[in-house]
Amino acid sequence: MKSLCIKGGKPLCGTVKISGAKNAALPILASVILSRGTSVIHNVPRLSDVNIIIKILHALGVDIYRREDEALVCTVKNESCCTPPCELVQKMRASICVMGPLLAKRQKAKIAFPGGCVIGERPIDLHLKGMQYLGAHVETKDSHVELTSEFLCGAKMFLGSEFGSTVLGTANVMMAASLAEGTTVIENAAREPEVEELAKFLNQMGAKISGLGTNVLTIQGVAELHGTEYRIISDRIEAGTFIIAAAMTRGRIELQNVSPLHLACVITTLKRIGVTIVEYFDRIVVEGNNSYSPTQVCTKPYPGFPTDLQAQLASMLAIVLGKSCITEKIYPQRFAYVNELVKMGASIEQKGASVYIQGGKTLKGATVFASDLRASAALVLAGLVAIGETTIKHIHHLERGYENLQAKLSLLGADIMYK
Ligand code: EPZ
């Protein structure tokens, strides 16, 4: 099992091109099931999660190959299978995205309960409720759920839990409603840019979705959807991770292929801490400074501070002198990284859904263990500033969501290699 070894203390300097967004690519690829003909999708990152959804789609009769120009060419060839392989579904939470398309296009979906990161409870009750609103018959068995429906009817629904809106739940209902009879209204819809991108992709395939970017989506069902060509937006979470990396190492990097608008809350937070950030239309220039201020942050659904950057921010606040606090409102147990940062000398105490950070410590290199995708990113950031060498085990978690991270960091001057 390979590890990632980092010798800390090098400021990051230079330019980095941000890859396509994993969380936009996964539902968009799943939505191909809804269409006839061929879709060409550009800027799909090379990630293990993307490989999983490609294998699932292959099993569901979709022919997919990566063209020389890196675009994915997807054509639905066979619509007989409605059961994605359970060993693949259990590897990745986002596999649940095939539920809505299978139900709407093939009138049936038999799906194992999805796996994914160990970041806390990952229920799918809202997905199932949304399908039931559209008229599906839902049967929950021990290890999987079966949904059937001769045809789906548009409905009005409120989609949310005590933790707020649901990103993939909104995606699933929007995809199913695209081929339902009549009009569907989703209140409390997720507003994440990745949900908006899926709506744009579906509309390009012939769907009739309005309210994009708001928390009320209206979908007028249509008879069929056709193939289209699309470019995946850049990954705002990867970009946020690099912004924090530049700030922590007190370097200066330019991020290319990013939309500052999608990072408004993150940029505001980091400027409040004392990071110098200049935003342009599709790039961001970040300059670290010598002194930063502690802060308090609460994660929220978009446009709030994203839960997917919570761990990375904690790594930064661990070296910022003073008392900081982060409260996690989406996944209250998403703190698996804390003990690993403490091993490196951080002073962090978890109380319920919050972590209290006594920042300003000098981190020291150690052997640490990644537990999930964003926790592994937090450990990489800590390793970049720690004194001595940090070895990160179970680094396969990182490759789920960061394309060529080691190479990108090396090009920026980091001393980081696989061993
Ligand atoms: C998406 O997961 C992202 N994954 C996650 O990113 C991200 O952390 C999350 O949205 C929140 O922004 C993808 O897009 C592939 P949710 P999703 O449904 O859709 C509760 C990463 O690191 N809930 O918005 O699965 C749920 O427990 C990953 O890239 C229900 O109660 O998240 C959570 O507390 C990790 N019932 C909250 O809602 C449901 O049926 C938000 O979950 C569904 C969700």
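The name that an unreviewed UniProt entry assigns to the chain is UDP-N-acetylglucosamine 1-carboxyvinyltransferase, with the source organism given as Uabimicrobium amorphum. UniProt lists a comment for the chain under the heading Pathway (unreviewed entry), and it reads "Cell wall biogenesis; peptidoglycan biosynthesis." Looking at the Sequence similarities (unreviewed entry) heading of the UniProt record, one finds this comment for the chain: "Belongs to the EPSP synthase family. MurA subfamily."

Asks: Where do I start with the side chain of Arg-236 in this structure?
Replies: Tracing the backbone shows Arg-236 in helix H8 (residues 236–249). Excluding residues within four positions of it along the chain, Arg-236 makes contact with Glu-192, Pro-193, Glu-194, His-262, Leu-263, Tyr-302 and Pro-306.

Asks: It is not clear to me how the layout of surface pockets should be interpreted in this structure. Could you clarify?
Replies: Picture a little ball the size of a water molecule; that probe, rolled over the atoms, points out where space is still empty. Its boundaries defined by the atoms lining it, the largest pocket holds a volume of some 1,100 Å³. Lining of the largest pocket is provided by 48 residues; of these, Arg-93, Arg-122, Val-167, Ile-330 and Tyr-331 occupy positions nearest its centre. Elements represented by at least two residues in the lining of the largest pocket include exactly helix H1 (22–31), helix H5 (125–133), helix H6 (167–177), H8 and helix H12 (373–385). Element by element, the count of residues in the lining of the largest pocket is highest for H1, at four residues. Taken together, domain 1 (4–19 + 234–418) and domain 2 (22–231) each give at least three residues to the lining of the largest pocket, which thus spans both.

Asks: Would you mind going over the packing of helix H10 (residues 310–317) against H12 with me for this structure?
Replies: One way to put it is that H10 packs onto H12 with a least axis distance of 7 Å and a crossing angle of 20°. Taken together, H10 and H12 sit at an angle that is classed as roughly parallel. At the point where H10 passes H12, the crossing takes the right-handed sense. Across from Ala-311, Gln-312 and Ser-315 in H10, the residues of H12 making contact are Arg-374, Ala-375, Ala-377, Ala-378, Leu-381 and Ala-382.

Asks: Is there a simple way to explain the pattern of salt bridges in this structure?
Replies: Oppositely charged side chains can pair when the atoms bearing their charge come close. On inspection of all chains with the given rule, the structure shows 19 salt bridges. With a shortest N-O distance of 2.8 Å, Arg-400 and Asp-49 are connected by a salt bridge. Placement of Arg-400 in the loop between strand S24 (389–393) and helix H13 (405–411) and of Asp-49 in helix H2 (residues 48–59) is noted, with a sequence separation of 351 residues between them. Note on accessibility: Arg-400 and Asp-49 belong to one class, buried.

Asks: Explain the site of the ligand to me, please; I cannot follow it from the model alone.
Replies: Surveying the vicinity of the ligand reveals 25 residues, the closest of which are Asp-125, Leu-126, Thr-166, Asp-308 and Ile-330. Contacts to the ligand include Leu-126, whose backbone N or O atom sits 2.7 Å from an oxygen atom. One nitrogen or oxygen atom from the main chain of Leu-168 is found 2.8 Å from an oxygen atom belonging to the ligand. Protein chains bury 93% of the 820 Å² of accessible surface belonging to the ligand in isolation. Among the cavities detected, the one that contains the ligand is the largest pocket. Elements with a contribution of two residues or more to the shell around the ligand: H1, H5, H6 and H12. The greatest single-element share of the shell around the ligand, amounting to three residues, is contributed by H5. The residue makeup of the shell around the ligand, split by class, is eleven nonpolar, six polar and eight charged.

Asks: What am I meant to see in the sheet that holds strand S12 (residues 208–210) here?
Replies: Pairing in this open sheet of four strands is mixed, and the strands run S10-S11-S13-S12 from one edge to the other. On the outer flanks of this sheet lie strand S10 (156–158) and S12, each paired with one strand and no other. Averaged over all neighbouring strand pairs, the angle between strand axes comes to 15°, with direction disregarded. Here S10 pairs with strand S11 (residues 183–187) via three bridges, running parallel. The residue bridging Lys-156 from the neighbouring strand is Val-185, located in S11.

Asks: Looking at this structure, I do not really get unusual backbone geometry. What am I missing?
Replies: One can expect most non-glycine residues to show negative phi and most peptide bonds to be in trans. Along the chain, Tyr-302 connects to Pro-303 via a cis peptide bond; the corresponding omega equals 10°. Mapped onto the fold, Pro-303 is located in the loop between strand S19 (296–298) and H10. Phi is positive for Asn-43, close to 65°, though the residue is something other than glycine.

Asks: What's the story with helix H7 (residues 193–204) in this structure? I'm lost.
Replies: Taking 1.5 Å as the rise per residue, H7 with twelve residues should run 16 Å; its terminal C-alpha atoms sit 16 Å apart, in good agreement. Among all positions in H7, only Pro-193, Glu-194, Val-195, Glu-197, Leu-198, Ala-199, Phe-201 and Leu-202 are buried. Downstream of H7 by a residue or two, Gly-206 has a phi angle that is positive, lying close to 115°.

Asks: I tried to follow the pairing of strand S17 (residues 276–279) on my own but got confused; where do I start?
Replies: Every other side chain in a regular strand lies on the same face of the sheet, so the side chains alternate between the two faces. Pairing geometry for S17 and strand S18 (residues 283–287), over four bridges, is antiparallel. Bridged to Thr-276 within S18 is Glu-287. What sits between the antiparallel neighbours S17 and S18 is a turn of three residues.

Asks: Whenever I open this one, the sheet that holds strand S8 (residues 137–140) confuses me. Can you help?
Replies: Sheet strands associate in pairs through backbone hydrogen bonding, adopting either a parallel or an antiparallel arrangement. If you walk across this open sheet you meet the three strands as S7-S9-S8, and the pairing is antiparallel. The open sheet has two edge strands, strand S7 (108–112) and S8, and neither has a second partner. With strand direction ignored, the average angle separating the axes of adjacent strands in the sheet is 10°. Here five bridges tie S7 to strand S9 (residues 144–148), and the two strands are oriented antiparallel to one another. Looking at the pairing, Lys-110 lines up with Glu-146 of S9.

Conventions and cut-offs
Residues numbered from 1 in each chain as written. Predicted model: local features only at pLDDT ≥ 70, side-chain atom pairs only at ≥ 80, totals over all residues. Heavy atoms only, no water. UniProt positions renumbered as here; feature names shortened; annotations may be inferred. Helix = DSSP H or I, 4+ residues; strand = E, 2+ residues; numbered from the N terminus. Contact = heavy atoms within 4.5 Å. 1 Å grid on protein atoms, 1.4 Å probe; cavity = no way out; pocket = protein on both sides within 12 Å on 5 of 7 lines; lining within 4 Å. Points joined across faces, edges and corners; volume = space filled by probe spheres on them. Domains from an automatic or database assignment. Axes fitted to C-alpha atoms, helices over the stretch in contact; angles between N-to-C directions. Parallel < 35°, antiparallel > 145°, perpendicular 65-115°, else oblique. Left-handed = near helix turned anticlockwise from the far one by under 90°. Salt bridge = Lys/Arg side-chain N within 4 Å of Asp/Glu carboxyl O. Buried < 20%, exposed > 50% of the residue type's maximum accessible area, 1.4 Å probe, protein only. Near = heavy atom within 4 Å. Polar contact = N/O pair within 3.5 Å; in protein donor to acceptor, adjacent residues only side chain to side chain. Areas by Shrake-Rupley, 256 points an atom, 1.4 Å probe, with all protein chains shown as cover. Sits in = over half its atoms within 2 Å of the grid points. Nonpolar A, V, L, I, M, F, W, Y, C, P; charged D, E, K, R; others polar. Pairing = 2+ DSSP bridges. Expected span 1.5 Å × (residues − 1).

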